[in-house]
Amino acid sequence: MPRRLLSVPEAMACTGLGRSNFFNKIASGEIRSVKVGKRRLIPDTAIDEYIEGLEAQSDSSSGVA
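If you're wondering where the values come from, they're calculated on a predicted model, not measured in any experiment.

Definitions and limits used
Residues numbered from 1 in each chain as written. Predicted model: local features only at pLDDT ≥ 70, side-chain atom pairs only at ≥ 80, totals over all residues. Heavy atoms only, no water. Patch = residues over 30% accessible without salt bridge, like charges linked within 9 Å, V, L, I, M, F, W, Y side chains within 5 Å. Areas by Shrake-Rupley, 256 points an atom, 1.4 Å probe, with all protein chains shown as cover. Salt bridge = Lys/Arg side-chain N within 4 Å of Asp/Glu carboxyl O. Lys, Arg positive; Asp, Glu negative; His and termini not counted. Charge placed at Lys NZ, Arg CZ, Asp CG, Glu CD. Helix = DSSP H or I, 4+ residues; strand = E, 2+ residues; numbered from the N terminus. Buried < 20%, exposed > 50% of the residue type's maximum accessible area, 1.4 Å probe, protein only. Core = buried A, V, L, I, M, F, W, Y, C linked by side-chain atoms within 4.5 Å. Contact = heavy atoms within 4.5 Å.

K.L.:
Summarise a negative patch on the surface; cite the residues concerned and give the values.
P.N.:
Where like charges cluster on the molecular surface, the negative patch consists of Asp48, Glu52, Glu55 and Asp59. With respect to the helices and strands, the residue Asp48 is situated in helix H3 (residues 44–62).

K.L.:
Lay out the environment of Gly53 with the relevant residues and their values.
P.N.:
Following the sequence through the fold, Gly53 ends up in helix H3. Judged by its relative accessible area of 33%, Gly53 falls in the partly exposed class. For the pair Gly53 and Glu30, spaced 23 residues apart in sequence, the C-alpha to C-alpha distance is 8.9 Å.

K.L.:
An account of the nonpolar core is requested, with residue identities and associated values reported.
P.N.:
Judged by nonpolar contacts, Leu6, Val8, Ala11, Met12, Leu17, Phe22, Ile26, Ile31, Ile42, Ala46, Ile47 and Tyr50 together constitute the single largest core of 12 residues. When neighbours within four sequence positions are excluded, Met12 is seen to be in contact with Leu17, Gly18, Arg19 and Phe22.

Here's what the structure looks like:
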């Protein structure tokens, strides 16, 4: 499957995050992004990595082995 670049609104819809929170995650490096011209785009793999990170945090904090 080819890799895709998502617009910010598309990526926000995938994660369920609001605009401010989403841009905070980009600024902190939690979600990777690229600039193409003036546009900020999110690789679909960055969304997968972010979600996997959330799952790993959840598993480690809940004490489930």
